[in-house]
Amino acid sequence: VQLQASGGGLVQAGGSLRLSCAASGRTLSSYFMGWFRQAPGKEREFVAGIARSNGDTSYADSVKGRFTISRDNAKITVTLQMNSLKPEDTAVYYCAVSSGTYWQIPRRESGYDYWGQGTLVTVSS
């Protein structure tokens, strides 16, 4: 599975950005898609995830109410709409796909099998 992320850029605090990630290659019958981010000097952290099967979502507390994850099963894409951006949201954002069988959306890196190349989001104050 190959993942191609796009949509990063520079935005002022309070602004919005929309990240997209398209998957291609091997067909997965059931999976989760997620977004992680890594700020300079910090570990990569979970941002949001969504289940392909029923659209259930999961968010990190730091982005809840500001970010929205959605998916298009036909196109095998996942989108992260980011509103009310803050300088602390500055990071490289990675999309990922999990082909594992989990009861809940995985929130750890180890739960994901495939990763995109990352797209930089910079929020200026």
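Fair warning: this is a prediction, and the values are worked out from it, not measured in the lab.

### Regarding the environment of Phe67
Looking at where Phe67 falls in the secondary structure, it is placed in strand β7 (residues 67-72). Put simply, Phe67 and Met82 are 15 residues apart on the chain and 4.5 Å apart in space, counted from C-alpha to C-alpha. Discounting chain neighbours no more than four positions away, the residues touching Phe67 are Arg37, Val47, Tyr59, Leu80, Gln81, Met82, Asn83, Leu85, Asp89 and Tyr93.

### Overview of unusual backbone geometry
In the Ramachandran plot, Ser84 falls in the positive-phi region, its phi being about 50° despite a non-glycine side chain. On the basis of relative accessibility, which here comes to 39%, the residue Ser84 falls in the partly exposed class.

### Considering the pattern of salt bridges
By the definition in use, this model includes five salt bridges. Where Asp89 meets Arg37, a salt bridge forms, and the shortest distance between an N and an O atom there is 2.9 Å. Here the residue Asp89 occupies a position in the loop between β8 (77-82) and β9 (91-98), and Arg37 occupies one in strand β4 (residues 32-38), the gap between them amounting to 52 residues. As a salt-bridge pair, Asp61 and Lys64 come within 3.2 Å of each other at their nearest N and O atoms. Lys64 gets classed as exposed once you look at its relative accessible area, which sits at 51%. Residues participating in the shared-partner salt-bridge network are Arg37, Glu45, Arg66 and Asp89.

### A word on the state of the cysteines
Scanning all chains against the criterion turns up one disulfide. One disulfide bridge connects Cys21 with Cys95, the sulfur atoms lying 2.0 Å from each other. Judged by the sign of its S-S torsion, about 55°, the cystine formed by Cys21 and Cys95 is right-handed. On the criterion of sequence distance, the pair formed by Cys21 in strand β3 (residues 17-24) and Cys95 in strand β9 is long-range, its members being 74 residues apart. Residue Cys21 is classed as buried on the basis of its relative accessible area of 1%. Since its relative accessible area comes to 0%, Cys95 is described here as buried.

### Some remarks on the sheet that holds β3
Picture the strands of a sheet paired through backbone hydrogen bonds; they go either parallel or antiparallel. Spatial ordering of the open sheet is given by β1-β3-β8-β7, a layout of four strands whose pairing is antiparallel. Each edge of the open sheet carries a strand with a single partner, namely β1 (2-6) and β7. Sheet twist, expressed as the mean angle between neighbouring strand axes with direction ignored, is 15°.

### Observations concerning the pairing of strand β11 (residues 119-124)
Alternating positions in β11 separate cleanly, Thr119, Val121 and Val123 being buried on one face and Leu120, Thr122 and Ser124 remaining unburied on the opposite face. Across four bridges, strand β2 (residues 9-12) lies against β11 in parallel orientation. Bridging across to β11, Gln12 finds its partner in Ser124. In terms of strand pairing, β9 meets β11 through three bridges, oriented antiparallel. Looking at the pairing, Tyr93 lines up with Thr119 of β11.

What counts, and where the lines are drawn
- Residues numbered from 1 in each chain as written.
- Predicted model: local features only at pLDDT ≥ 70, side-chain atom pairs only at ≥ 80, totals over all residues.
- Heavy atoms only, no water.
- Helix = DSSP H or I, 4+ residues; strand = E, 2+ residues; numbered from the N terminus.
- Contact = heavy atoms within 4.5 Å.
- Buried < 20%, exposed > 50% of the residue type's maximum accessible area, 1.4 Å probe, protein only.
- Salt bridge = Lys/Arg side-chain N within 4 Å of Asp/Glu carboxyl O.
- Disulfide = S-S within 2.5 Å.
- Pairing = 2+ DSSP bridges.
- Axes fitted to C-alpha atoms, helices over the stretch in contact; angles between N-to-C directions.

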